Amino acid sequence: MSAAAQALADRYAAVWNEPDADRRRARIAALWAPDGVHVLHPPEDLRKAAAELGFDRAVLEARGSEALEVRVRRAYDSFVAPGAYRFRARPDAERLADVVKFHWEMVGHDDGEVAAVGCEILVLDHDDRIARDYQFVE
């Protein structure tokens, strides 16, 4: 684990928990490049539905600051705002050249029980901001 990579992973997880829209927007701007992309490997049920419609694969993508704000806000509104869950980075962040990899957890706000786990692979730009963000929900 690298301390700088872990600090990035912790900041990444924190943005999904941020209740204040202005602070969330500022955190997104600090983390992602203006034309950054968040690509979600959809859950199995969504991939299955796409396959039934004749698609080879289903990929969900948010591109640019405005789309990233919508993506983070909707996740916040769905999981964190109701008070059921919060997100945290696991202490396993690693960096290799311009790539950072870590796992995150969605945990119960009251009991800390892990409800979901994912793997994040971030490709950083020359300013160490996220250019491409690949999210796999495990």
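Scroll up a little and you will see the structure.
**Q** Help me get a handle on the environment of Arg 74, residues and values and all.
**A** Topologically, Arg 74 is positioned in helix 4 (residues 65-80). On the accessibility criterion, Arg 74 (54% relative accessible area) is exposed. Expressed as a C-alpha distance, the spacing of Arg 74 and Trp 16, which sit 58 residues apart in the sequence, is 9.5 Å.

**Q** Outline the layout of surface pockets, listing residues and values.
**A** Roughly 300 Å³ of internal volume is contained in the largest pocket. Around the largest pocket sit 16 residues that line it, and Arg 71, Phe 79, Phe 87, Trp 104 and Gln 135 are the ones nearest its centre. Those elements that provide at least two residues to the lining of the largest pocket are helix 1 (3-17), helix 4, strand 5 (99-108), strand 6 (114-124) and strand 7 (130-137). The biggest single contributor to the lining of the largest pocket is helix 4, with 5 residues. The residue inventory of the lining of the largest pocket, partitioned by class, reads 11 nonpolar, 2 polar and 3 charged.

**Q** I'd like a description of the nonpolar core, backed by residues and values.
**A** Within the largest apolar cluster, 27 residues are counted, with the highest numbers of intra-cluster contacts made by Tyr 12, Trp 16, Trp 32, Val 100, Phe 102, Leu 122 and Ile 130. Of all the secondary structure elements, the ones that give two or more residues to this core are helix 1, helix 2 (21-31), helix 4, strand 3 (85-89), strand 5 and strand 6. Among the elements that take part in this core, helix 1 stands out by supplying 7 residues, more than any other. Among all residues touching Leu 122, those that are not within four sequence positions of it are Leu 8, Tyr 12, Asp 98, Val 99, Val 100, Phe 102, Ile 130, Arg 132 and Asp 133.

Cut-offs and rules
- Residues numbered from 1 in each chain as written.
- Predicted model: local features only at pLDDT ≥ 70, side-chain atom pairs only at ≥ 80, totals over all residues.
- Heavy atoms only, no water.
- Helix = DSSP H or I, 4+ residues; strand = E, 2+ residues; numbered from the N terminus.
- Buried < 20%, exposed > 50% of the residue type's maximum accessible area, 1.4 Å probe, protein only.
- 1 Å grid on protein atoms, 1.4 Å probe; cavity = no way out; pocket = protein on both sides within 12 Å on 5 of 7 lines; lining within 4 Å.
- Points joined across faces, edges and corners; volume = space filled by probe spheres on them.
- Nonpolar A, V, L, I, M, F, W, Y, C, P; charged D, E, K, R; others polar.
- Core = buried A, V, L, I, M, F, W, Y, C linked by side-chain atoms within 4.5 Å.
- Contact = heavy atoms within 4.5 Å.

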